[in-house]
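Spelled out from the first residue to the last, the chains are:
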Amino acid sequence: ILNVEQSPQSLHVQEGDSTNFTCSFPSSNFYALHWYRWETAKSPEALFVMTLNGDEKKKGRISATLNTKEGYSYLYIKGSQPEDSATYLCALKVNTDKLIFGTGTRLQVFP
Amino acid sequence: DAGVTQSPTHLIKTRGQHVTLRCSPISGHKSVSWYQQVLGQGPQFIFQYYEKEERGRGNFPDRFSARQFPNYSSELNVNALLLGDSALYLCASSSIVGQGSEQYFGPGTRLTVT
């Protein structure tokens with residue numbers, strides 16, 4: 001059974017703090033890695049699709065890196081804002097058919 | 001542009017009943033996937049359909065079935081409902097199937113089985 005792990009499980013930070021989360025996955029099964037941002041009562045929002053070892057992607061204050069050889073990806077948020085409060089999910093794509101999700105990191109940003 | 005839409009939003013059923021959940025993909029998207037999310041866990045893959053053909057199936061019992069229509073919309077059917085089927089059911093669509101393809105999710109259908 002393939003396992004995707006995310007840490008920490010939850011995080012509370014002050015507005016303006018920078019933060020990062022980790023997603024670990026079995027490197028032998030890598031096909032692609034997805035990051036999603038999921039606010040309560042809304043649809044999960046696609047942030048990044050990462051396919052190559054060493055990939056770095058950026059969207060505004062959010063960026064992500066990928067290491068397929070050691071099986072991890074980091075998501076960084078620079079200068080957190082209250083509107084960044086959400087659950088951040090990573091998902092390993094093992095073939096064209098399915099995503100295997102981690103349990104997510106719940107971020108709470110306090111003003 | 002409309003995103004992925006799902007209906008109904010919420011549903012309450014009794015054990016043993018049958019349920020049908022519906023999903024309309026983003027216009028032009030030919031692939032639809034279904035996921036089940038139980039509280040405290042990440043979404044779990046149930047099915048993927050592409051061009052009306054089943055391309056993948058997760059580790060779910062035969063009580064779960066799905067289909068995709070010529071307009072690429074999809075239905076998820078669950079028979080003989082159990083209490084453990086209570087979950088958020090998410091639908092995702094993508095325009096292509098491949099390594100770099102993005103999946104776009106709908107808001108989900110919250111199913112409660114009593």
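Everything below is about the structure shown above.
Residues numbered from 1 in each chain as written. Chains lettered and ligands numbered in written order. Predicted model: local features only at pLDDT ≥ 70, side-chain atom pairs only at ≥ 80, totals over all residues. Heavy atoms only, no water.

**Q** Tell me about the environment of P61 of chain B, residues and numbers included.
**A** Residues and elements named next belong to chain B. Secondary-structure assignment places P61 in the loop between β6 (53-57) and β7 (64-68). Owing to a relative accessible area of 38%, P61 belongs among the partly exposed residues under this scheme. With 49 residues separating them along the chain, P61 and I12 place their C-alpha atoms 21 Å apart. (Helix = DSSP H or I, 4+ residues; strand = E, 2+ residues; numbered from the N terminus. Buried < 20%, exposed > 50% of the residue type's maximum accessible area, 1.4 Å probe, protein only.)

**Q** Which residues make up the interface of chain A and chain B, and what are the values?
**A** The accessible area lost on association of the parts is a frequent measure of interface size. The interface of chain A with chain B comprises 19 residues on the first partner and 23 residues on the second. Buried surface at the junction of chain A and chain B, summed over both partners, amounts to about 1800 Å²; 57% is from carbon and sulfur atoms. Between the two partners, chain A and chain B, sit zero salt bridges. Joining chain A to chain B, the criterion identifies five residue pairs in polar contact (both at pLDDT 80 or more). Every element with two or more residues in the side of chain A that touches chain B is listed here: β4 (32-38), β5 (45-50), β9 (86-93) and β10 (99-101) of chain A. Per-element accounting of the side of chain A that touches chain B gives the leading share, four residues, to β4 of chain A. (Contact = heavy atoms within 4.5 Å. Buried area = accessible area lost by both parts, 1.4 Å probe. Salt bridge = Lys/Arg side-chain N within 4 Å of Asp/Glu carboxyl O. Polar contact = N/O pair within 3.5 Å; in protein donor to acceptor, adjacent residues only side chain to side chain.)

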